[in-house]
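Survey of secondary and tertiary structure
Letter by letter, the chains look like this.
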Amino acid sequence: MPMFNLPSQDRLVARELARRSMVLLRCLARVAGEGIHHLTVVLATQDETSGDVVCVEGQCLIDGPVLNEDDETDPIVFVAFLLATTATGVNAMLAARTMDLDGGVRFMSWMISDLVAHPATAEQSHVAYCIAEERDLSDPVPPAVTFMDAPALV
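1. Digging into the environment of P119
Within the fold, P119 resides in strand 5 (residues 116-119). The partly exposed category is assigned to P119, whose relative accessible area is 40%. As for P119 and S109, which are separated by 10 residues in sequence, their C-alpha atoms are 6.5 Å apart. Once you skip the residues sitting within four places of it in the chain, P119 turns out to touch S109, W110, Q124, A150, P151 and A152.

Spelled out as structure tokens, the structure:
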């Protein structure tokens, strides 16, 4: 059963946005290097009835540049969907934690707008880490975590 029932013209647009989202995720998998990548996307939007800001979060694991996009229940499809919604004028934060074989964690982040990734500095990634982990900026960071300047995703 399809995740969304869309008119046929809208399906073409949705399919193109999904393709662009998967390209973005593949780029991230390539530049992040070796290891298992835990991705978190946080999308902030405004509730139409109450006006409150609502955050929608999606998470998935990537262990290489080959991604399964055929299974609608795979978390990567939901993460790609959240990224695709940035084409509607909403921004999202994309955070990547890469687990090294020695137990270390490299943390990078990007601000996503209209499916374009804007790399964050190591300092900005620290803020993104605190948002993703629901921590205060003054909380101590585990010694295994290293914040990195995010590379461009092209």
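2. Quick word on the side chain of R106
Along the chain, R106 turns up in strand 4 (residues 105-113). R106 sits in the buried class, given a relative accessible area of 19%. In this structure R106 touches A32, E34, A96, R97, T98, D100, T146 and M148, once residues within four positions along its chain are discounted.

3. Quick word on the packing of aromatic side chains
All chains considered together, the criterion is met by four aromatic pairs. On the numbers, 5.2 Å between centres and 90° between planes, the contact of F107 with Y129 is edge-to-face. Pair noted here: F107 is in strand 4 and Y129 is in helix 3 (residues 122-133), with a separation of 22 residues, a long-range link. Using a relative accessible area of 6% as the deciding quantity, one classes Y129 as buried. Three or more aromatic residues joined by ring pairs form one cluster here, namely F107, Y129 and F147.

Rules and cut-offs
Residues numbered from 1 in each chain as written. Predicted model: local features only at pLDDT ≥ 70, side-chain atom pairs only at ≥ 80, totals over all residues. Heavy atoms only, no water. Helix = DSSP H or I, 4+ residues; strand = E, 2+ residues; numbered from the N terminus. Buried < 20%, exposed > 50% of the residue type's maximum accessible area, 1.4 Å probe, protein only. Contact = heavy atoms within 4.5 Å. Phe/Tyr/Trp six-rings, centres within 6.5 Å; stacked < 30°, edge-to-face > 60°.

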